[in-house]
Every structure is written in structure tokens, then in C-alpha cells.
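Residue-level structural notes
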Amino acid sequence: MGADGKFPIRGLLFCFVIVAICYANSIANDFILDDALIVAANPDIRSIQPLHTFKTPFWGEKSGDGIYRPLVILGYSIEYSLWHRWAPGFRLTNLVLHAINGYLVFLLVRSFLWASPAAWAASAIYLAHPAHTEAVAGIAGRSELLSATFFFLAWLMFRKGRMGWCVTAFLLSLLSKENAISFPAVIALDIWITRGSVKAVLQEWKRLGSLVATGALYFGLRLWVLGIDNLTPPQYLNGAWTLLQRELTSGRAFLQYFRLILAPVNVTGDYDFNSIPIANATDWDAWFGVLLIVSTIVLAIRLVHRQPLIALGILFFYVTLFPVSNWLVSTNAIMTERYLYVPLFGMTLIAGMLWTRISRRETRLWVIGGILAVSAVLCISHNYVWKDNYTFYKNMVRVFPNNIRGRQGFGVALLDGGFASEAGVQFEAGLTVARNAPLLLGLAGVQMKLDHNCDRARESIDEALRIQPNNSSVHWLLAECFENEGDLASASDTYRRAVEETQFPDARLLFDWGMLMEKMGKHQEAAALYQRAALIDPNDLSIKFKLKSQGREW
């Protein structure tokens, strides 16, 4: 390594310092959103079972969402053996992975530019970019982080000519998240641009063929585990949009991506209906987004020979976003911030290169210092958004008032905090945008809280039941109504169905059912339910008290 021999230690230390500055205040955050399901309430991670993990869908055997990420679940199970339901431990792992990815970015950029200052700048910008908050601060963002680790490692190994390691890392990246399927296209792009001809790509058919074969192997494994019916994830709005609407709406989504790259002042972590409204042929902003996409791709192609690395950065961005862009296949989301985690490498490659072209050293230092300072302030502030469900959904409603998931989530957080009337305002506001089961259930919960009976709530519950007859939360609320009305047998059956309808039962659902069992004199069944609830939320004082009162310490 020569003069670079100290880079592994010095480089990693540099990356860890930046990550610590930007994300240390996220470590104490609680489980929120999918964190609570995939970690806190997930029975599949409470023991290390590699074979079972590799034969099970990401969201469990009952899921039909077409997601298969066994390496992530295996990682969670290993961590669970260390810190159980201690959220900071899982978040600390996220920060470590992000720092490692920053160092891999440094190595990749240096392999292109042969200039360490540019690589340091690119790595620093990548690590501190505020658009990464969702992937780093959210425990469920592990899929992005782990997949990126192996994605970048596979690319490095390819550039070093170590195909065995490259293929292995590519497969591990796929087993962490399916978006890594773009890797062979990235390698073809690398060969084309760095060697200056399509012929060079064709000459590498053996190495590219091994990557394609690896992708086929992953596809076969995925088919075997998920089955043909669940091979693809659900589509956004169940696919209820035309091809033209889908392409134009992606134009609107990319305007949001460009905003997040250049000015990530506001983040939400969710762009569900109606954050980005479905676009039609008369929407000029959607056409502008499409034009911007096309023009930047054309610009990159024209720059291939004059400014190859700028071309590589632009095209890398689009190639790695392509699997989730909705351009070819409809996915279950219009966009999310975490989708930018790998694609942002392309932008930081360009940023690092342009930074070195600033002639005066003092100016370069001021520029990179200013970028990092602003980025750090934004990251630190964004981490507070992910503190808990209340802060997350409050911010979402502020940024996107018509986001019905935001209204529903904020309403639930308010209801849990004892602010029933304020929660009702949120549910009502969401229902003016669209009527869905979660909002109706939230409204029913408010009505039950205020009335101390189910008279008004039954209408909302019945409508929610018609919309989503297999929704666990619908049956949970219905069970509470039966219990309040004195029909304990129906309440017990309905609680049982609520638990059976979900892969990850809520601790309070199990606790409520246990309370009913105790009321019915079935103390052994109640104790078993309390113990299941304690596995999910061992810090719940009500659960602890019940177990202690029955002589069962936890």
C-alpha cells in the first residue's frame, strides 16, 4: 500500500467520527413504525435459526408481500441474542454499517480518481447527507445498509479482478435487499464508461455472465421460498393507475428526489397517498420532472467521452433507482427516502471530483466545511423526527397534510397519549382525503374512549370490516366491543382471530386477551398470553404486574 498503508485505520476512524457527529443522537430513539414489527414483535428473530430464516419470507410465513431478505432477519436474530429488545443496540449496528459503507465509498471513489482528497470529500458528503436519515436512524432501514455494504464490496472486488469475492458479495447483497439486482448493469456501465466502448462490455461476457447467473440463482431461491403467487410485492394503489399516470407520477417523484439531494431540509420517511398525487396528462410539473430525467440522461451520455466520471455518476444514480422507479414495473411505493441510499453514491462521486477542481486550498476547505456543518445540523435535527411515533407522524402531517398514513399515525399517537379529542381531529381530516380501515378504526377508538361504549363506534368498525375483513386491528376493536357488552365468549373468539390475522401480534392485544381470559377464570391461558406479551414488550409495567401477581417473574 505504500503511503496509503494507514488508510484502513485512519479512514475508518474518519468515517466513524462523521457518523457519530451526525447520528449519535438517534441511538436513544425508541422502536417506531416497522421497527416495532420486524424487531420488537418478531418471533422469528428470538432464536438463531439460519435454515428457517432462509426458508421464510421477510415478514413471516403469513405474509404475501413478495419480500425475501433472509440475511437481514438472520442479522436481527444474532443481535437479539445480544441485547434482546434494547433498541439502542440495533441502532448502534446501523451506525457501524453506515460508517463502513462510507469507507467503501472512499475506496471506490479513489479507485476511479486515484486521488485521496476527492475520495475523502465524497465519503464525507455521503456519510453526512441528511437524505440518509431514514435508512440510518430507522432500524428497519437495515436492509438498505446491509445490501449497500455488499453492493459496494462486490463492486470493489470486481474492479480488483477478484470475481469469486465479487459474486459472493453480490449474492449477499441480493439476500439483503432485492434492489441489488441492478448490480450487473452497474458493472456494464463501469466497463463501458471507463474503457470507452461498448465492445469492451461484450468482451467481458464471462464475468458479466457469472453475475447474471448469480442473479438467476437468487431469483430461483426467491421463487422457491415465496411461491409464484407472491413473487412480486403488492402494487401501489393495487395497480389502479394507467401506464401514463405511472410514468408521469414518477416524474413528480423524481422532483422530490432531486429536492432531497440538493436541499434535504424536510424529510418525512413516508410518501404514501396523497403525498405525491397521481399525475395526469395536464399536470405540467409531472412533465417537467420527466423532461428533467430525460435531459440529464441525455447529458450524461453526451459526456461519456469528455467527462466520463460525471457521466458515470449520473447514470449510476438512475440505474440503481430503476428497480424501484415504477418505470417498468409498478412497486408498492411511489418513492421513499431510503431508496436513495445506494444511488447517492453517484452524486457524491461527482461532488468529490468537482471539489478537487476548486483551485484555492482555502476555498476548498471552506466549501467542504460548510457542506458538512449544514449537513450535520440537518441530520441531527432529522434524527429527532425519528424519536418516536408522535414526533414522526407530527412531522409527516406538517410536511404533507394530505398524507392519510400521517393523519392516521398521528391520531393513534395522540390517542395513546390521552388526547382523544385531538386524535379525532386527525382521523376526521384523513377521512376527508380517503376512507380506509385504519382511519375508521382510529375514529372508532376515539368514540369508544369518549363515550365509554361502542354505540357510535360500531358504525365505523362495521365499515372498516367491509373494507378490510382480515384486518387484525378491526377484530381487536370488535373484541373490545363484545367484552364491553358482556359477550365474553364472542370477545374471546374475536381476540383469537385478531391474533391469528397478524404475523406480529401487538403486546397490548395479547395483554387485553389475557385480561379477558382471567375474567373468564382461565388463569393458565391468561398467564401464557401475558408471557407472550412480555416477550414483545418486557418493559410494559402492566404486563410485569400481571406476571408478578401470578407468581411468574419475567
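Residues numbered from 1 in each chain as written. Predicted model: local features only at pLDDT ≥ 70, side-chain atom pairs only at ≥ 80, totals over all residues. Heavy atoms only, no water.

**Notes on the nonpolar core**
For the record, the criterion: For this analysis, a nonpolar core means a set of buried residues of the types Ala, Val, Leu, Ile, Met, Phe, Trp, Tyr and Cys, connected via side-chain atoms within 4.5 Å. The cut-offs for exposure are 20% and 50% of the maximum accessible area for each residue type, with area from a 1.4 Å probe on protein chains only; residues under the lower value are buried, those over the upper are exposed, and the others partly exposed. Runs of E in the DSSP output that reach at least two residues are strands. Runs of H or I that reach at least four are helices, and both are numbered from the N terminus. For this analysis, residues touch if any pair of their heavy atoms sits within 4.5 Å.
In terms of nonpolar packing, the biggest core is built from 172 residues, with Y76, F152, W155, F183, F254, F345 and I461 touching the most fellow members. With 13 residues, the top contributor of residues to this core is helix α5 (residues 87-113). With residues up to four places along the chain from it excluded, the contact list for Y76 reads I38, V39, I45, F90, I139, A140 and R142.

**Description of the state of the cysteines**
Rules: Throughout, disulfides are identified as pairs of cysteine sulfur atoms within 2.5 Å of each other.
Going through the model one piece at a time under the given rule, you end up with one disulfide. Across the disulfide from C454 sits C481; the S-S distance is 2.3 Å. Between C454 and C481 the disulfide shows an S-S torsion of about -100 degrees. By sign, it is left-handed. Of this pair, C454 sits in the loop between α21 (437-451) and α22 (457-467) while C481 sits in helix α23 (residues 472-484); the two residues are 27 residues apart in sequence, bridging distant segments of the chain. Of the residues examined, C454 reaches a relative accessible area of 4% and is grouped as buried. Residue classification places C481 among the buried positions, given a relative accessible area of 0%. C22 carries a free sulfur, and the closest cysteine sulfur to it, the one in C379, is 4.4 Å from it. The buried category is assigned to C379, whose relative accessible area is 0%.

**Details of the environment of V397**
Among the secondary structure elements, V397 is positioned in helix α18 (residues 389-399). Each C-alpha atom of the pair V397 and I358 lies 41 Å from the other, and the pair is 39 residues apart in sequence. If we ignore the near neighbours within four places in the chain, the residues touching V397 are G406, R407, F410 and Q426.

**So, the pattern of salt bridges**
Note the cut-off: By salt bridge we mean one thing: a side-chain nitrogen of Lys or Arg within 4 Å of a carboxyl oxygen of Asp or Glu.
Taken as a whole and assessed by the stated rule, the structure comprises 21 salt bridges. Across the pair R159 and D190 runs a salt bridge, and its minimum N-O distance is 2.8 Å. Here R159, found in helix α8 (residues 142-159), pairs with D190, found in helix α10 (residues 183-195); they are 31 residues apart in sequence, far enough to count as distant. Through salt bridges that share partners, E134, E144, K177 and R338 make up one connected network.

**Here's the deal with empty space enclosed by the protein**
For clarity, the threshold we go by: A 1.4 Å probe that fits but cannot get out identifies a cavity on a 1 Å grid over protein atoms alone, an open set with protein on both sides within 12 Å along at least five of seven lines counts as a pocket, and a residue lines either if it has an atom within 4 Å of a point. Grid points are joined across faces, edges and corners, and a volume is the space filled by probe spheres set on the points. Asp, Glu, Lys and Arg are counted as charged, while Ala, Val, Leu, Ile, Met, Phe, Trp, Tyr, Cys and Pro are counted as nonpolar; the rest, among them Gly, fall into the polar class.
Scanning all chains against the criterion turns up two cavities of 30 Å³ or more. In this structure, the largest cavity spans a volume of roughly 130 Å³. In this structure, the largest cavity is lined by 15 residues; those nearest its centre are E144, N179, A180, T320 and V342. Counting residues per element, the ones that place at least two in the lining of the largest cavity are α8 and α15 (308-321). Classifying every residue of the lining of the largest cavity by side-chain character gives eight nonpolar, four polar and three charged. Approximately 60 Å³ is the volume found for the second largest cavity. Taken together, N42, D44, H52, T53, T56, P57, F58, G60, R69, P70 and I73 make up the full set of residues lining the second largest cavity. Among the elements of the structure, α3 (50-54) and α4 (70-83) are those that each provide at least two residues to the lining of the second largest cavity.

**Observations concerning the side chain of D190**
Convention followed: Here a polar contact is recorded for every N or O atom pair within 3.5 Å, except that within protein the pair must consist of a potential hydrogen donor and a potential acceptor, and residues adjacent in sequence are included only if both atoms are side-chain atoms.
Since its relative accessible area comes to 2%, D190 is described here as buried. A polar side-chain atom of D190 sits 2.9 Å from a polar atom in the side chain of W155. Those residues in contact with D190 that sit more than four places away from it in its chain are F112, W155, R159, R195 and L312.

**Quick notes on the packing of aromatic side chains**
Condition: Note on ring pairs: Phe, Tyr and Trp rings are taken, using the six-membered ring of Trp, and paired if centres are within 6.5 Å. Classes follow the plane angle, with under 30 degrees stacked, over 60 edge-to-face and the rest tilted. A ring is considered to have a charge above it if a Lys NZ or an Arg CZ atom is located within 6 Å of its centre and within 35 degrees of its normal.
Applying the stated criterion to the full structure yields 33 aromatic pairs. Measuring from ring centre to ring centre gives 5.3 Å for F316 and F345, while their planes differ by 70 degrees; the resulting arrangement is edge-to-face. On the criterion of sequence distance, the pair formed by F316 in helix α15 and F345 in helix α16 (residues 344-356) is long-range, its members being 29 residues apart. Residues F316 and F345 agree in their burial class; the two are buried. By way of ring pairs, the aromatic residues F112, Y126, F151, F152, W155, F170, F183, F316, Y341 and F345 are connected into one cluster. The ring of F112 has R159 sitting right over it, with the charged end atom 3.8 Å from the ring centre. For the cation-ring pair, R458 lies above F482, with the distance from its terminal atom to the ring centre recorded as 5.7 Å.

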